[in-house]
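Reading the structure
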Amino acid sequence: MIRANENYSKLKSSYLFADIAKRVNEHQKKNPEAIIIRMGIGDVTMALAPAVIKGFHEGVDEMAGDATFRGYGPEQGYAFLREKIAKNDFQDQGADISADEIFISDGAKCDTGNFQELFAQDIKVALPDPVYPAYLDTNVMAGRTGRYEDGRYSGIFYMDCLKENQFFPELPDEKVDLIYLCSPNNPTGSTMTKNELALWVSYARENRALILFDAAYESFIRDNELPRTIYEIEGAKEVAVEFRSFSKTAGFTGTRCGFTVVPKECMIFNTKGEKISLHALWNRRHSTKFNGVSYPVQKAAEAVYSKEGKVQIRQQIDYYLNNADIISKTIASLGFDYVGGKNSPYIWIDGADRDSWDFFDLLLTKAGVVCTPGAGFGRCGQNYIRISAFNSLENVTLAMERLKKALT
Ligand code: MLT
């Protein structure tokens, strides 16, 4: 008899964004004339930058001739892209990361979800609440939790992120083994300082723990005091893996490309306490289960680091940050508390005593605006909604006018 992985039955019936899409589609069906503005899932709306398109085309053209055609590439990614990333994203920031510590993939969602496969079943996982749901759901699928009750899975160490702690997790008062951190944060839009990150790096070093640091929104950082990579923190290379994505940085949500940094110094342990190279383990996993990102897509990603690419990408991010500013100001003018919207495309809004799904329904039905209900990210999001700045300026302006009417 073929038996199911019953850990799946512990999951909520559908993934957060699938659930939202279903509700929006039902509303649209009932109201075919409604013009809905989508500011829920953080999906980019601007076309790929011209430099990126040029790189993409060059890659496709090479595939059209026998002499330049490429079949299977290296599973870890082409050296031309890994070298550009190492230099531009790390070495130029003073972080000593080399090209062979970078693994190119089809995005940070897959990598942050897959990485937990490398660890024992009975490790203690620490997750912020609210949190990007893929971190939690993949640990549930892997059987690291008990049942879901009262908005939480047993077996997980939840780190409440609330106003009182500026929406950033505090060091655990018990020993944890695997720590998920995300900065600029999804969903709250808040950002960690170097000092805050340094506390976590020390904790991980003292407790032989590992940090999975999701920096998918790094390119939104405009404050030069904020760390751009966890490897700016001394000692982080021994205890941290970093995830990056071209999705939000360069509009690759539909193109798919990201990367994970696994430093060679980073060690995990067997039951005897002997060191095991995390780099070697991830390399084994990656080359067994993944066959590389397509050549044209890696050429397109390489173009992000060209002179023109850098300028064009920065303009795109500035455009979304301007949207974020408009949203933040509107929300403030309506009397709501919020966080984020600076150094981040997300605005995390305190609905006071409103339930987040009720708030979501209100905005959908009264304003035709889709947001993300905070409860979808965890119990601490129960009274919050998240608004994403990924849309056109015209739509954001219109959405804010509609919000003002619906909420005053
Ligand atoms: C989000 O809206 O939280 C993200 O866009 C989802 C993702 O990156 O997978």
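With that settled, the discussion passes to the domain arrangement of the protein chain. According to the domain assignment, the protein chain contains domain 1 (6–47 + 308–407) and domain 2 (53–305). Computed from C-alpha coordinates alone, the two centres of domain 1 and domain 2 are separated by 24 Å. Tallying the contact residues gives 39 residues for domain 1 and 50 residues for domain 2. The largest contributions to the domain 1 side of the interface with domain 2 come from Lys10, Asn343 and Arg379, which together make up 20% of the buried area. Here domain 1 and domain 2 share 4 salt bridges between them. With a shortest N-O distance of 3.5 Å, Arg379 and Asp150 are connected by a salt bridge. Contributions of two or more residues to the side of domain 1 that touches domain 2 are made by helix 10 (307–333), strand 13 (337–340), strand 14 (346–350) and strand 17 (384–388). When residues of the side of domain 1 that touches domain 2 are assigned to their parent elements, the largest contribution, 9 residues, is made by helix 10. Of the residues contributing to the side of domain 1 that touches domain 2, the split by class is 17 nonpolar, 11 polar and 11 charged.

Relative to the elements of secondary structure, Val396 occurs in helix 12 (residues 393–407). Judged by its relative accessible area of 0%, Val396 is buried. It is 42 Å that separates the C-alpha atoms of Val396 and Pro74, two residues lying 322 residues apart in sequence. What Val396 contacts, discounting residues up to four positions off in sequence, is Met39, Asn323, Ile326, Ile327 and Asn391.

Quick notes on the rules
- Residues numbered from 1 in each chain as written.
- Predicted model: local features only at pLDDT ≥ 70, side-chain atom pairs only at ≥ 80, totals over all residues.
- Heavy atoms only, no water.
- Domains from an automatic or database assignment.
- Contact = heavy atoms within 4.5 Å.
- Buried area = accessible area lost by both parts, 1.4 Å probe.
- Salt bridge = Lys/Arg side-chain N within 4 Å of Asp/Glu carboxyl O.
- Helix = DSSP H or I, 4+ residues; strand = E, 2+ residues; numbered from the N terminus.
- Nonpolar A, V, L, I, M, F, W, Y, C, P; charged D, E, K, R; others polar.
- Buried < 20%, exposed > 50% of the residue type's maximum accessible area, 1.4 Å probe, protein only.

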